[in-house]
Amino acid sequence: MSSENSVYEVDASQVEGKATKVIQPETLQELKLMVKDNKKICIRGAGTGLAGGAVPQNEVVLDMMKLNKIENLDQQRKTVEVEAGVILDELNDYLENYNFELPINPSSHAVCTVGGMAATNAVGSRAGKYGKTIDWINWIDVITPAGKVERKNRFELTDYCGMEGITGVIYKICFR
């Protein structure tokens with residue numbers, strides 16, 4: 001593994017790969033351009049997955065961690081919009097101020113990103129009661145290979161949630 005990218009060449013699975021470059025977009029415009037300009041990418045949140053999904057295979061790593069804004073909390077509708085790099089515990093700390101919670105509780109809750117949770121359709125210790133991540137999503141914004149933003153509704157979520165990024169880059173999520 002190369003020293004500069006070595007942290008990006010494994011995830012929690014300890015599967016090893018090879019990153020050709022690491023890109024860390026901070027804005028939607030940067031993300032769209034990076035997706036459009038790099039055809040062979042590996043999308044990464046916190047790298048807490050256990051299946052090797054965030055391990056690049058001679059690819060550019062698209063690190064989503066800097067896209068971490070929590071926006072548009074609607075207390076009446078009980079929804080919140082968040083960028084993919086938001087860490088679950090940070091979201092729940094924010095929501096606690098309004099007596100809300102995203103109840104999916106994977107063991108990596110302190111460091112995992114909501115984008116990674118959506119991409120893997122994460123579950124946790126309370127799955128029997130609260131289900132999977134997809135059960136709490138109203139819509140997602142996905143970046144297509146052409147660099148366009150497309151909003152996917154509840155009926156289209158299975159094309160992206162649980163697909164580990166192979167069908168598009170999840171940029172923003174509206175949770176209920």
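These notes cover the structure that comes with them.

## Some words on the environment of Met-34
Consideration 1: Tracing the backbone through its elements, the reader meets Met-34 in helix α1 (residues 28-37).
Consideration 2: With sequence-adjacent residues up to four places away left out, Met-34 is seen in contact with Ile-23, Pro-25 and Leu-62.

## Here's the deal with the state of the cysteines
Consideration 1: All chains considered together, the criterion is met by zero disulfides.
Consideration 2: Free cysteine: Cys-42, not disulfide-bonded; nearest cysteine sulfur from Cys-112 at 17 Å.
Consideration 3: Given the relative accessible area of 5%, Cys-42 is considered buried.
Consideration 4: Cys-174 carries a free sulfur, and the closest cysteine sulfur to it, the one in Cys-161, is 12 Å from it.
Consideration 5: A residue is classified by how much of its surface remains accessible, and Cys-174, at 4% relative accessible area, is buried.

## Remarks on the nonpolar core
The nonpolar side chains of soluble globular proteins are, as a tendency, buried together.
Consideration 1: Of all hydrophobic cores here, the largest spans 25 residues; its most connected members are Leu-91, Ile-173 and Phe-175.
Consideration 2: Counting residues per element, the ones that place at least two in this core are β5 (79-83), α2 (88-96), α3 (114-120), β6 (137-143) and β8 (169-175).
Consideration 3: Broken down by element, this core gets its largest block of residues, four residues, from α3.
Consideration 4: In contact with Phe-175, not counting residues within four places along its chain, are Lys-78, Thr-79, Val-80, Val-82, Leu-91, Leu-102, Val-114, Thr-133, Trp-136 and Ile-137.
Consideration 5: Residues Ile-23, Val-60, Leu-62 and Met-64 belong to the second largest nonpolar core, which totals 11 residues.

## Considerations on the pattern of salt bridges
Consideration 1: The final tally for this structure, using the stated rule, is eight salt bridges.
Consideration 2: For Glu-26, the salt bridge identified is with Lys-66, shortest N-O distance 3.7 Å. Here Glu-26, found in the loop between β1 (18-23) and α1, pairs with Lys-66, found in the loop between β3 (57-63) and β4 (70-74); they are 40 residues apart in sequence, far enough to count as distant.
Consideration 3: With relative accessibility at 42%, the residue Glu-26 sits in the partly exposed group.
Consideration 4: Between Asp-74 and Arg-77 there is a salt bridge, with its nearest N and O atoms 3.7 Å apart.
Consideration 5: Accessibility expressed as a relative area gives 66% for Arg-77, which makes it exposed.

Rules and cut-offs
- Residues numbered from 1 in each chain as written.
- Predicted model: local features only at pLDDT ≥ 70, side-chain atom pairs only at ≥ 80, totals over all residues.
- Heavy atoms only, no water.
- Helix = DSSP H or I, 4+ residues; strand = E, 2+ residues; numbered from the N terminus.
- Contact = heavy atoms within 4.5 Å.
- Disulfide = S-S within 2.5 Å.
- Buried < 20%, exposed > 50% of the residue type's maximum accessible area, 1.4 Å probe, protein only.
- Core = buried A, V, L, I, M, F, W, Y, C linked by side-chain atoms within 4.5 Å.
- Salt bridge = Lys/Arg side-chain N within 4 Å of Asp/Glu carboxyl O.

The quantities given are spatial measurements derived from coordinates; they are silent on function.
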